[in-house]
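Close look at the chain arrangement
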Amino acid sequence: MSDAPIRKPSTGHPAHPGRRPIASAMIGLIAGIDNLGNGLAIAALLFTGPLAAGLSAGVGVVLLSAAILALLVALRSTQPNSVALVQETGVAILASTVATMAAGLESAPEGVRIATAFAILGGSTLVTGLLFWTVGRLRLGRLVRFFPYPVVAGFLAGSGWLLVEGALAMVSGRHGLGAGIAGLAAPMVAVTAVAAVGLAGLLVLAMRRSDSPFTMPLVLLATALAFHAGLPLLGVTAEEARGWGWLPGVAGGGFSLPVPTEVLALADWGRVAAALPAMVSVAVLGMLGLLLNVSGIELAQGRDIDADAELRSTGAANLLAGALGGPSGYVGLGMTLLAGRMGATGRGAGLATAAVILGGLFVAGWLVSVTPVFLTAGLILFLGVELLQEWLIDARRRLPRTEWLIVLAVVLAIAGIGFMEGLALGLAVSLAMFVYSYSRLPVIRGRHSGAELRSRVDRSPAASLHLTGAGAAIEAMQVQGYLFFGTAEQIVGPVRDRLEQAGIQAGGDAGAQPLRFLIIDFRHIKGMDSAAAGVFRRIRNLIEAAGATLVLSALPDAVEDAFRNCGLDPDRDPVLRRAPDLDHALESCEEALLAGNGADGGGVDAPLLRHLEAMTGPHPRLADAVAALDTLHLEPDEVLIRAGEAASDVFIIGRGRVKVQIALPDGRSLRLRTMTAGAVVGEIALLLGQTRGADVVVETPATIHRLTAATLARLEREDPELALVLHRILATTLAQKVTLANRLIEQAAV
């Protein structure tokens with residue numbers, strides 16, 4: 001029979017080239033016999049009860065479709081030894097749909113019911129082929145793999161339940177679980193049901209004990225022969241068996257096919273249109289099955305397969321099969337891997353399969369007439385039980401409890417309400433669980449006070465000391481992921497707590513440091529919905545009530561659009577301020593704190609001696625150290641240090657600002673640090689004897705003091721005490737930079 005997805009038999013060594021035609025012929029024989037039995041079972045599942053008169057044509061069209069699928073996929077697949085099969089999981093859904101249609105057309109002529117059944121079957125395959133081809137053409141095959149796995153498992157397990165119900169309908173001639181069970185009260189129907197259950201159990205045992213591809217065909221053949229041998233022993237003629245429902249109510253003969261013009265003329269197209277949701281479900285389930293099987297072949301054979309090319313080639317084959325009114329199908333995982341193990345590495349396996357199926361068409365009518373009803377029903381029952389076993393029972397060990405409960409819910413909904421309802425329930429529950437799980441993920445990447453997290457601006461010791469205390473008025477919050485209604489609320493709580501700690505709101509500690517700036521960094525945000533934008537409006541109102549400023553750092557365009565749509569304007573709202581990145585946001589907040597306190601923020605002319613005393617403490621030789629330095633007056637954009645040059649001096653900034661930057665490959669410049677009054681620059685390269693690693697460019701009019709290497713060497717010879725004072729200044733600067741670097745590393749590791 002056809003494969004369920006995600007079965008991964010191991011591959012073997014390729015056969016000798018001379019044995020490849022023999023291997024292909026063997027695979028063709030195995031797969032062909034498999035498809036013959038499959039065709040009988042699928043047709044009997046679809047054309048039962050009020051549609052029984054269409055059984056012969058149903059078998060013919062199923063087998064012809066199987067031959068077309070095997071032939072075209074073999075010729076066009078990127079995997080040469082692919083063997084395509086008609087897949088029964090989608091047919092299980094259609095069987096329920098067709099049964100509902102037949103019940104609604106109970107008073108219509110028999111020809112109308114049968115034509116409508118073929119229109120639904122063929123229409124479903126056309127929809128499947130069109131979906132396959134379109135998705136492959138647009139190269140969207142990988143996107144389908146994002147379909148929730150529990151829902152896929154629920155679909156497959158639900159298909160198994162539909163197959164079980166279909167087997168019951170084949171035995172009783174009545175559709176629906178309750179009607180089918182009631183039909184078992186008839187003695188002959190009960191005998192058929194017991195025989196079908198017995199055959200299904202025998203197949204389960206046989207397939208568990210043997211993995212030979214001949215096991216199932218031999219069991220079915222032996223069962224059919226035993227049945228026909230037993231009829232004379234019981235004194236029962238074939239006609240009596242047919243009358244009791246043990247054999248199909250059709251006579252033997254050649255195969256037949258539905259006539260397309262008759263289907264078009266007789267079908268009730270209103271009923272066909274009503275079946276469109278089920279057709280789409282079959283198509284989506286088929287696409288998932290195809291992609292899962294392709295993934296299994298890739299894994300087992302250790303080679304990449306173009307999934308989009310497989311979708312296109314399989315889509316074309318299904319379009320042709322659908323035009324004839326047949327069922328859909330795609331590459332079979334087990335048969336394809338069996339072909340590889342037996343050494344059939346070329347396209348001969350699929351071609352041989354198509355040839356065997358076409359040959360079987362000429363005996364299809366006779367096969368229909370002599371195949372016991374319990375045999376096809378037992379086969380369908382076995383397939384249903386296998387799907388339930390793998391995707392419902394065995395899935396309990398593979399899946400977490402919550403995901404398995406989704407599988408169970410989908411199966412129960414399919415069994416109790418309907419397939420589309422089960423589909424909707426599974427998607428709704430999966431979506432709800434995703435929202436719940438995602439909402440529990442932390443969206444706050446990090447929170448730091450401005451006393452802990454500093455900008456990349458080297459300041460004077462006095463300014464740094466002031467920020468150590470006053471920096472607590474800055475709160476920097478880095479957010480991450482996708483912000484939506486389920487996650488954005490995580491930001492409001494910490495903001496409210498911080499304001500309450502400062503005594504801004506009732507019940508807080510009035511002695512705590514008031515919040516002046518809240519920085520929210522959006523660098524790691526992937527997107528945001530309108531509900532999350534509304535949350536930030538609430539945050540904005542809290543900040544306004546506190547008399548603080550909300551700084552929006554690295555604001556993406558999509559987030560900015562969401563803000564504007566909810567009435568937040570980062571450019572005009574006095575409570576809001578924007579910054580290109582977190583470093584610039586911190587820098588602007590620090591400048592505001594320093595300006596408000598009168599501390600040196602880099603724009604005030606402060607004597608160099610005062611800077612050095614704040615750095616190293618009082619020393620009688622500091623004035624001599626200042627006198628040993630040269631003084632430079634530079635304008636904006638002048639280059640103080642150029643990358644790649646030899647290091648021959650150290651600079652101490654007396655007034656103004658400079659920036660340390662590197663040139664990127666695309667020609668842009670990246671700022672590494674900003675240095676203000678009191679900062680020392682260039683000492684590392686000088687002390688290590690290295691070349692300059694970055695450019696240093698003046699940002700504002702600056703007064704800069706220079707210590708040359710020649711001056712330092714002369715003082716080491718002539719005035720060791722003064723040289724020691726200068727070395728102490730450089731060592732203190734290095735210690736401060738190492739401390740800052742360690743703090744940044746610790747913050748990045750959190």
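Residues numbered from 1 in each chain as written. Predicted model: local features only at pLDDT ≥ 70, side-chain atom pairs only at ≥ 80, totals over all residues. Heavy atoms only, no water.

A word on helix H24 (residues 557-565). Along H24, the residues that are buried comprise Val559, Glu560, Ala562 and Phe563. Buried residues of H24 fall within an arc of 160 degrees about the axis and therefore sit on the same side. Of the exposed residues in H24, the ones pointing more than 90 degrees away from its buried face are Asp557, Ala558 and Asn565. Buried-residue contacts for H24 involve strand E6 (517-528), helix H23 (530-545), strand E7 (549-553) and strand E8 (576-579). Two residues or fewer past H24, Gly567 is found with a positive phi of approximately 95 degrees. (Buried < 20%, exposed > 50% of the residue type's maximum accessible area, 1.4 Å probe, protein only. Helix = DSSP H or I, 4+ residues; strand = E, 2+ residues; numbered from the N terminus. Arc of directions from axis to C-beta. Contact = heavy atoms within 4.5 Å.)

Now for helix H26 (residues 608-616). Along an α-helix, residues three or four apart share an orientation, since each turn contains 3.6 residues. Those residues of H26 that fall on the buried side of the exposure criterion are Leu608, His611, Leu612, Met615 and Thr616. Buried residues in H26, looked at end-on, bunch into an arc of 110 degrees, giving them a common side. One or two steps after H26, the chain reaches Gly617, where phi turns positive at roughly 90 degrees.

On to the pairing of E7, then. Among the five residues of E7, five are classified as buried, and the element is accordingly described as predominantly covered. Burial along E7 is two-sided: Thr549, Val551 and Ser553 facing one way and Leu550 and Leu552 facing the other are all buried. For E6 and E7, the ladder comprises five bridges, and the chain directions are parallel. Looking across to E7, one finds that Ile520 is bridged to Leu552. Traced from E6 through H23 to E7, the parallel crossover comes out right-handed. As judged from the four bridges shared by E7 and E8, these two strands associate in the parallel manner. (Pairing = 2+ DSSP bridges. Right-handed = clockwise from strand over helix to strand, strands pointing away.)

What follows concerns a nonpolar patch on the surface. A cluster of nonpolar side chains, contributed by Leu126, Leu130, Trp133 and Leu319, occupies part of the molecular surface with about 340 Å² of accessible area. For the nonpolar patch, the element with the most residues is helix H4 (residues 110-137), which contributes three residues. Within the element layout of this structure, Trp133 appears in helix H4. Of the residues examined, Trp133 reaches a relative accessible area of 38% and is grouped as partly exposed. (Patch = residues over 30% accessible without salt bridge, like charges linked within 9 Å, V, L, I, M, F, W, Y side chains within 5 Å. Areas by Shrake-Rupley, 256 points an atom, 1.4 Å probe, with all protein chains shown as cover. Salt bridge = Lys/Arg side-chain N within 4 Å of Asp/Glu carboxyl O.)

On to the sheet that holds strand E12 (residues 658-663). The five strands lie next to each other as E4-E13-E12-E15-E10, forming an open sheet whose pairing is mixed. Strands at the two margins of the open sheet, each flanked by one partner only, are strand E4 (457-458) and strand E10 (639-641).

In this section: the sheet that holds E8. Spatially, five strands are ordered E3-E5-E6-E7-E8 in an open sheet, and the strand pairing comes out mixed. The sheet terminates laterally at strand E3 (444-449) and E8, the two strands that pair on one side only. When the angles between neighbouring strand axes are averaged without regard to direction, this sheet yields 20 degrees. The sheet contact formed by strand E5 (residues 474-483) and E6 spans nine bridges and is parallel. (Axes fitted to C-alpha atoms, helices over the stretch in contact; angles between N-to-C directions.)

Residues with a pLDDT of 70 or more make up 90% of the protein, whose mean pLDDT is 83. Note that pLDDT drops below 50 for residues 4-18; the model gives that stretch 38 contacts with residues more than four away or on any other chain. Contacts of residues 504-511 to residues separated by more than four positions or lying in other chains number 15 contacts, the stretch itself having pLDDT below 50. (pLDDT = per-residue confidence, 0-100.)

Moving on to the environment of Ser77. For Ser77, the position within the fold is in the loop between helix H2 (55-76) and strand E1 (84-86). Take Ser77: its relative accessible area is 1%, and that puts it in the buried class. Those residues in contact with Ser77 that lie beyond four places of it in its chain are Ser82, Glu310, Ser313 and Arg347. At a separation of 3.1 Å, a polar atom in the side chain of Ser77 contacts the side chain of Ser82. Within the structure, Ser77 has its side chain in polar contact with the side chain of Glu310 (distance 2.9 Å). (Polar contact = N/O pair within 3.5 Å; in protein donor to acceptor, adjacent residues only side chain to side chain.)

With the rule as written, the count across this model stands at six aromatic pairs. When the ring of Phe522 is compared with that of Phe536, the centres are 5.5 Å apart and the planes differ by 50 degrees; the resulting orientation is tilted. Note that Phe522 is positioned in strand E6 and Phe536 in helix H23, a separation of 14 residues in sequence. The residues Phe522 and Phe536 share a single accessibility class, namely buried. Judged by centre distance (6.0 Å) and plane angle (80 degrees), the rings of Phe522 and Phe563 are edge-to-face. Placement of the pair is Phe522 in strand E6 and Phe563 in helix H24, with a sequence separation of 41 residues. Judged on exposure class, the residue Phe522 and its partner Phe563 are both buried. In this structure an aromatic cluster arises from ring pairing among Phe522, Phe536 and Phe563. Over the ring of Trp404 we find Arg396, and its NZ or CZ is 5.6 Å from the ring centre. Over the face of the ring belonging to Trp391 we find Arg398, whose NZ or CZ atom lies 5.5 Å from the ring centre. (Phe/Tyr/Trp six-rings, centres within 6.5 Å; stacked < 30°, edge-to-face > 60°. Lys NZ or Arg CZ within 6 Å of the ring centre and 35° of its normal.)

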